[in-house]
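One letter stands for each residue in the lines below.
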Amino acid sequence: MNRQHLTNCALAALFACLTAAPWVRAETRILDSVVAIVEDDVVMSSELRARLDLVEQNLRAQGQEPPEREALVRDTLDRLILESIQLQLGQRAGVRIGDAQLGQALSNLAAQNRTSLEQFIQQLEADGKSYLQLREDIRRELLLQRVQMGNVNQRIQITEQEAQNYLESEQGKSLTEEQYRLLHALLPLPEGADAAEIAAARTYIQELYERILGGESYPEVLTGSEGPYAITGGDLGWRSRGDLPSLFAEVAPGLGLQETSEPILSPSGFHLIYLAEKRGGPAVVTQTWVRHILIKPSAIRDEEATRQFIEELRQQIIDGADFAEMARTHSEDIGSAQEGGDLGWTNPGQMVPAFEEAMNGAEPGEISQPVQSQFGWHILEVLERRRQDVTQTVALNRARDILHQRKYQDELQAWLRKIRDEAFVDIK
């Protein structure tokens, strides 16, 4: 079907329904009605009115005046139609948002408001808003995001040459340059301070520094300090070494993460700098070459029987059976079974936590104890470890991510136009 827009007649009727005069509403009970049929779904007038109210509230909260009502109705209805199309696509594809993922999203939202989830819910209800409605709104938003990402990401291809070209650009070069996020505190000295004043200030800043060395956090010590001196400073943001004040450029590279420098004296006073974060520069990681056997519980083999079976396989290997042959015969990891269970060289964070913990605790040549993950029961053998410079790989991956984000919005809009043009939409 070609894309259908509101006709003048349909828009006029809809606009009249949504903006009926108060005396009409007082005498007549307006029943809910269908304003649009979208494939196998409908958009109701109550849904449109609720969304219009929300849009107007948000605009006014941002200090903006809503556009003309007719344009607002048209744009809001078109957005609801697009959302309906996407949600139906997700439903057909079996996309679901589990309670765990929804709960995490709500906890993140509460954290952004600097409260616990329980306090956030209480505040929401105190403001007369529905927590259950918020849950459903967030679930809907997460569904839309997942459907969009699943369909749009496959439309975006970043070639090796594109990523390499970006790394050679001025912006790209910064990805491999060491950058620091420093917090800075200054205890200023008056102009022409004498030796006694300098000594007293030194004693005071040294006391703060020793409290930090003793385990107190840098922010707590600097923001909570009370004394005869006014501490100034703040977050310097992300800076390369060349962009740092020369006084700090010599010190920052030698600091570890979350480490505070010794007090630094300059004509302006005593400084403390704290390395909050660091990025770029050489990236050297410990890689592990590992192989495994995976056995999954099933309808005919419960959890305990599965654990016992993997124990038996482990004992057979210890007694002399070939690990690779046992993996080919028994492993239920279809990705590695035919390779003798070989997972190749793995980087930190690549495996699920339970597997990685067992892998990191195993010596080369050792057959691990059975370990349980969300995939089932594993036994693993570390074949070798090495230190590997992955600086270029990390930089290329970051370049791909940046280029992907640049293309995402354009591809998203193109995909939304496509599904809107292809959908059956009947506006009443």
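Structure: see above.
Remember, predicted model here, so these are calculated numbers, not experimental data. (Residues numbered from 1 in each chain as written. Predicted model: local features only at pLDDT ≥ 70, side-chain atom pairs only at ≥ 80, totals over all residues. Heavy atoms only, no water.)

### Observations concerning the environment of G128
Counting through the fold element by element, G128 comes out in the loop between helix 6 (117-126) and helix 7 (131-152). Measuring from C-alpha to C-alpha, the distance between G128 and Q409 comes to 36 Å, with 281 residues separating the pair along the chain. (Helix = DSSP H or I, 4+ residues; strand = E, 2+ residues; numbered from the N terminus.)

### A look at helix 10 (residues 195-213)
In this model helix 10 runs 26 Å from its N-terminal to its C-terminal C-alpha over 19 residues, within 8% of the 27 Å that 1.5 Å per residue would give. For helix 10, the complete set of buried residues consists of A201, Y204, I205, L208, Y209 and I212. Within helix 10, the buried residues cover an arc of 135° as seen down the axis, which keeps them to one side. What points out from helix 10, more than 90 degrees from its buried face, is the exposed set A195, A196 and L213. Residue D194 occupies the N-cap position of helix 10, its side-chain oxygen lying 3.2 Å from the main-chain nitrogen of A196. Following helix 10 by one or two positions, G215 has its phi on the positive side, about 120°. (Expected span 1.5 Å × (residues − 1). Buried < 20%, exposed > 50% of the residue type's maximum accessible area, 1.4 Å probe, protein only. Arc of directions from axis to C-beta. Polar contact = N/O pair within 3.5 Å; in protein donor to acceptor, adjacent residues only side chain to side chain.)

### Some remarks on the pattern of salt bridges
If you walk through the whole model with that rule in mind, you get 21 salt bridges. Between E178 and K278 there is a salt bridge, and its shortest N-O distance comes to 3.3 Å. Placement of E178 in the loop between helix 9 (170-173) and strand 3 (179-188) and of K278 in strand 6 (residues 269-279) is noted, with a sequence separation of 100 residues between them. Taken together, the salt bridges that share partners define one network made up of D99, R135, E136 and R139. (Salt bridge = Lys/Arg side-chain N within 4 Å of Asp/Glu carboxyl O.)

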